[in-house]
Amino acid sequence: MTITIYHNPDCGTSRNTLAMIRQSGEEPTVIEYLRNPPSRERLQGLIAAMGIPVRAVLREKGTPYAELGLSDSKWTDAQLVDQMLLHPILINRPIVETPKGTKLCRPSEAVLDILPNPDIGPFVKEDGGVVIDSEGHRVA
């Protein structure tokens, strides 16, 4: 079974998502997308597979989003993809592909919805937030 995560090791959400995948018993293919950005075709395929608008994949915080004026509705989807390819930091993360689907995993526990084995046991995020308690219940 193949699971792929488009990962930024400097991002806590991405690290938590990767940890949950590994705790599920899977070792994913890890693509550090800032070092190895996806091709145009791959990025468009991921967006289509997620079934979300291109704008939903844009990251604003800590990126050139504001200085590029990307909030302006004049930008077409193709132009927004161009900007993500020019500035990969604009691609929101982590994006995870599994046999059960493709998802932007924000918050990180969203990955549980597409893991083949979502029963990962107790899990606490890096910041101390409980995702799954000691009885195996998902905490909202």
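Check the entry above for the structure.
Residues numbered from 1 in each chain as written. Predicted model: local features only at pLDDT ≥ 70, side-chain atom pairs only at ≥ 80, totals over all residues. Heavy atoms only, no water.

Asks: Outline the pairing of strand S4 (residues 101–104), listing residues and values.
Replies: Looking along a regular strand, one sees the side chains alternate between the two faces of the sheet. A one-sided burial pattern is seen for S4, the buried positions being Thr102 and Leu104 and the unburied ones Gly101 and Lys103. Where strand S3 (residues 95–98) and S4 come together, 4 bridges link them in antiparallel fashion. Residue pairing for S4: Thr98 is matched across the bridge by Gly101. Joining the antiparallel neighbours S3 and S4 is a turn of 2 residues. (Buried < 20%, exposed > 50% of the residue type's maximum accessible area, 1.4 Å probe, protein only. Helix = DSSP H or I, 4+ residues; strand = E, 2+ residues; numbered from the N terminus. Pairing = 2+ DSSP bridges.)

Asks: Explain the pairing of S3 to me, and be specific about the residues and the numbers.
Replies: Along S3, one buried face is formed by Ile95 and Glu97 and the opposite face, lined by Val96 and Thr98, is buried too. As judged from the 3 bridges shared by strand S1 (residues 4–7) and S3, these two strands associate in the antiparallel manner. Following the sheet pairing, Thr4 is matched in S3 by Glu97.

Asks: Describe the side chain of Thr102, and please don't skip the residues or the numbers.
Replies: Looking at where Thr102 falls in the secondary structure, it is placed in strand S4. Leaving out residues up to four positions away in the same chain, Thr102 has contacts with Leu46, Ala49, Met50, Ile95, Val96, Glu97 and Ile114. (Contact = heavy atoms within 4.5 Å.)

Asks: Residues and numbers for a nonpolar patch on the surface, please.
Replies: A surface patch of nonpolar side chains, amounting to about 220 Å² of accessible area, comprises Val124, Val130 and Val139. Inspection of the secondary structure assignment puts Val130 in strand S6 (residues 130–132). Residue Val130 is classed as partly exposed on the basis of its relative accessible area of 41%. (Patch = residues over 30% accessible without salt bridge, like charges linked within 9 Å, V, L, I, M, F, W, Y side chains within 5 Å. Areas by Shrake-Rupley, 256 points an atom, 1.4 Å probe, with all protein chains shown as cover. Salt bridge = Lys/Arg side-chain N within 4 Å of Asp/Glu carboxyl O.)

Asks: Explain the pattern of salt bridges residue by residue, including any values.
Replies: Evaluation of the coordinates by the stated rule reveals 8 salt bridges. The shortest N-O distance in the salt bridge between Asp82 and Arg40 comes to 2.1 Å. Remark: Arg40 occurs in helix H2 (residues 40–50) and Asp82 occurs in helix H4 (residues 77–86); sequence separation between them is 42 residues. Relative accessible area serves as the criterion here: at 29%, Asp82 is assigned to the partly exposed category. Residues Lys125 and Glu109 are paired through a salt bridge, measuring 2.9 Å at the closest nitrogen-oxygen approach. Highlighted residues: Lys125 in the loop between strand S5 (123–124) and S6 and Glu109 in the loop between S4 and S5, separated in sequence by 16 residues. Comparing Lys125 with Glu109 shows no difference in burial state: the two are buried. Among the ionic contacts, a cluster of salt bridges with common partners joins Lys103, Asp113 and Arg138.

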